[in-house]
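If you want the building blocks of each chain, they are given just below.
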Amino acid sequence: MFERFTDRALLVVALARDEAARSGCDLVDTEHLLLGLLRRPDSLAVTTLVSLHARIEGVREQLYGAIAAGQPTDTEGPGWSQAAVRVFELSQREVERLQQVQVDTEHLLLGLIAQEGGVAAEVLVSVGADLNRVRQEVLELAVAYPADAAGSAVRGYSPDPIVALLVAIEERVDDRQRRVSALEDAMRPD
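Let us look at the overall build of the chain. Each helix and strand counted, the chain has nine helices and two strands in total. Order of helices (α) and strands (β) in the chain, N terminus to C terminus: α-β-α-α-α-β-α-α-α-α-α. Across the 190 residues of the chain, 42% fall into the buried class. Across the chain, the fraction of contacts at a sequence separation of at least 24, relative to all contacts at a separation of at least 6, is 70%. Counting only carbon and sulfur atoms, one obtains 54% of the accessible surface of the chain, whose full area is about 10,700 Å².

Within soluble globular proteins, side chains that are nonpolar tend to cluster in buried spots. Ranked by size, the top nonpolar core spans 37 residues in total, and within it Leu34, Leu37, Leu38, Leu108, Leu109 and Leu124 carry the most contacts. When residues of this core are traced back to their parent elements, those giving at least two are helix 1 (7-22), helix 2 (30-38), helix 3 (44-51), helix 4 (56-68), helix 5 (82-97), helix 6 (105-114), helix 7 (119-126) and helix 8 (131-144). What Leu38 contacts, discounting residues up to four positions off in sequence, is Val46, Leu49, Ile56, Val59, Arg60 and Leu63.

A separate point is helix 2. Here helix 2 lies mainly inside the structure; nine of its nine residues are buried. Thr30, Glu31, His32, Leu33, Leu34, Leu35, Gly36, Leu37 and Leu38 are the residues of helix 2 that are buried.

Position of Leu108 among the secondary structure elements: in helix 6. Among the residues examined, Leu108 registers a relative accessible area of 3% and is labelled buried. A C-alpha to C-alpha distance of 8.2 Å links Leu108 and Leu33, two positions 75 residues apart in sequence. In this structure, Leu108 is in contact with Phe5, Ala9, Val12, Leu37, Val87, Phe88, Ser91 and Val103, ignoring residues within four places of it in sequence.

With that settled, consider the environment of Thr47. Inspection of the secondary structure puts Thr47 in helix 3. A C-alpha to C-alpha distance of 8.3 Å links Thr47 and Leu141, two positions 94 residues apart in sequence. A distance of 2.9 Å separates a polar atom in the side chain of Thr47 from the backbone oxygen of Ser43.

Our focus in this paragraph is helix 5. Under the 1.5 Å per step criterion, the end-to-end length of helix 5 is 22 Å for 16 residues, consistent within 8% with the ideal 22 Å. Looking only at helix 5, the buried set comprises Ala83, Ala84, Val87, Phe88, Leu90, Ser91, Gln92, Glu94 and Val95. Count one or two residues on from helix 5 and you reach Gln99, which has phi positive near 55°.

A few words on unusual backbone geometry. Within the chain, His53 stands out as a residue other than glycine whose phi angle is a positive 65°. Mapping His53 onto the fold places it in the loop between helix 3 and helix 4. One non-glycine residue, Gln99, lies in positive phi territory at about 55°. Tracing the sequence through the fold places Gln99 in the loop between helix 5 and helix 6.

So, about the pattern of salt bridges. For the coordinates displayed, the defined rule picks out 11 salt bridges. Put simply, Arg22 and Asp18 hold a salt bridge, and the shortest N to O gap is 2.9 Å. Here Arg22 pairs with Asp18, and both are found in helix 1, just four residues apart, close to one helical turn. Here Arg22 falls in the exposed class, since its relative accessible area comes to 52%. Classification of Asp18 as partly exposed rests on a relative accessible area of 26%. One salt bridge in this structure joins Arg39 and Glu19, with 3.1 Å as the shortest N-O distance. A residue pair is termed long-range when its members are at least 10 positions apart, and Arg39 in the loop between helix 2 and helix 3 and Glu19 in helix 1 qualify at 20 residues. What makes Glu19 buried here is its relative accessible area of 3%.

What counts as what
- Residues numbered from 1 in each chain as written.
- Predicted model: local features only at pLDDT ≥ 70, side-chain atom pairs only at ≥ 80, totals over all residues.
- Heavy atoms only, no water.
- Helix = DSSP H or I, 4+ residues; strand = E, 2+ residues; numbered from the N terminus.
- Buried < 20%, exposed > 50% of the residue type's maximum accessible area, 1.4 Å probe, protein only.
- Contact = heavy atoms within 4.5 Å.
- Areas by Shrake-Rupley, 256 points an atom, 1.4 Å probe, with all protein chains shown as cover.
- Core = buried A, V, L, I, M, F, W, Y, C linked by side-chain atoms within 4.5 Å.
- Polar contact = N/O pair within 3.5 Å; in protein donor to acceptor, adjacent residues only side chain to side chain.
- Expected span 1.5 Å × (residues − 1).
- Salt bridge = Lys/Arg side-chain N within 4 Å of Asp/Glu carboxyl O.

This is the structure in structure tokens:
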């Protein structure tokens, strides 16, 4: 399902799973995907929301409120909600529609706002985002600041240095935790 995703998009997917796990949910849903996007201040998706004057912290607060109000599921282990799978499908359709090759963060945002009834889209509307304007802005920024083939950061966008530093630190901590877990697993007797 993720073979056409850029490294940035895959990182957002991993961050969404982390958000679901942190909140005790056993399904990753649209709100977790949007939270994953918001954890990447260097993404075109966040650039779009910032350019439309969306207050990112306000969006996060609304999303966490929606998660707290959500119904627990009865599936075993982390998985993908039907809405999240639909977002991935819509994201891939956007890539095809735009005659591009890979799903990146902006395509995930387009998929999120196209997902009818999704919590993420509802939260964006509740904080004053016009979903048609979000779509238009994504498309304009994608043309103005195309990513290179290696999936490097969007040119022309400089995130708040404090936020960028916090994201970098969080990534290092997560990486170290993964390495420690791998070492612990390797050292366990069979």
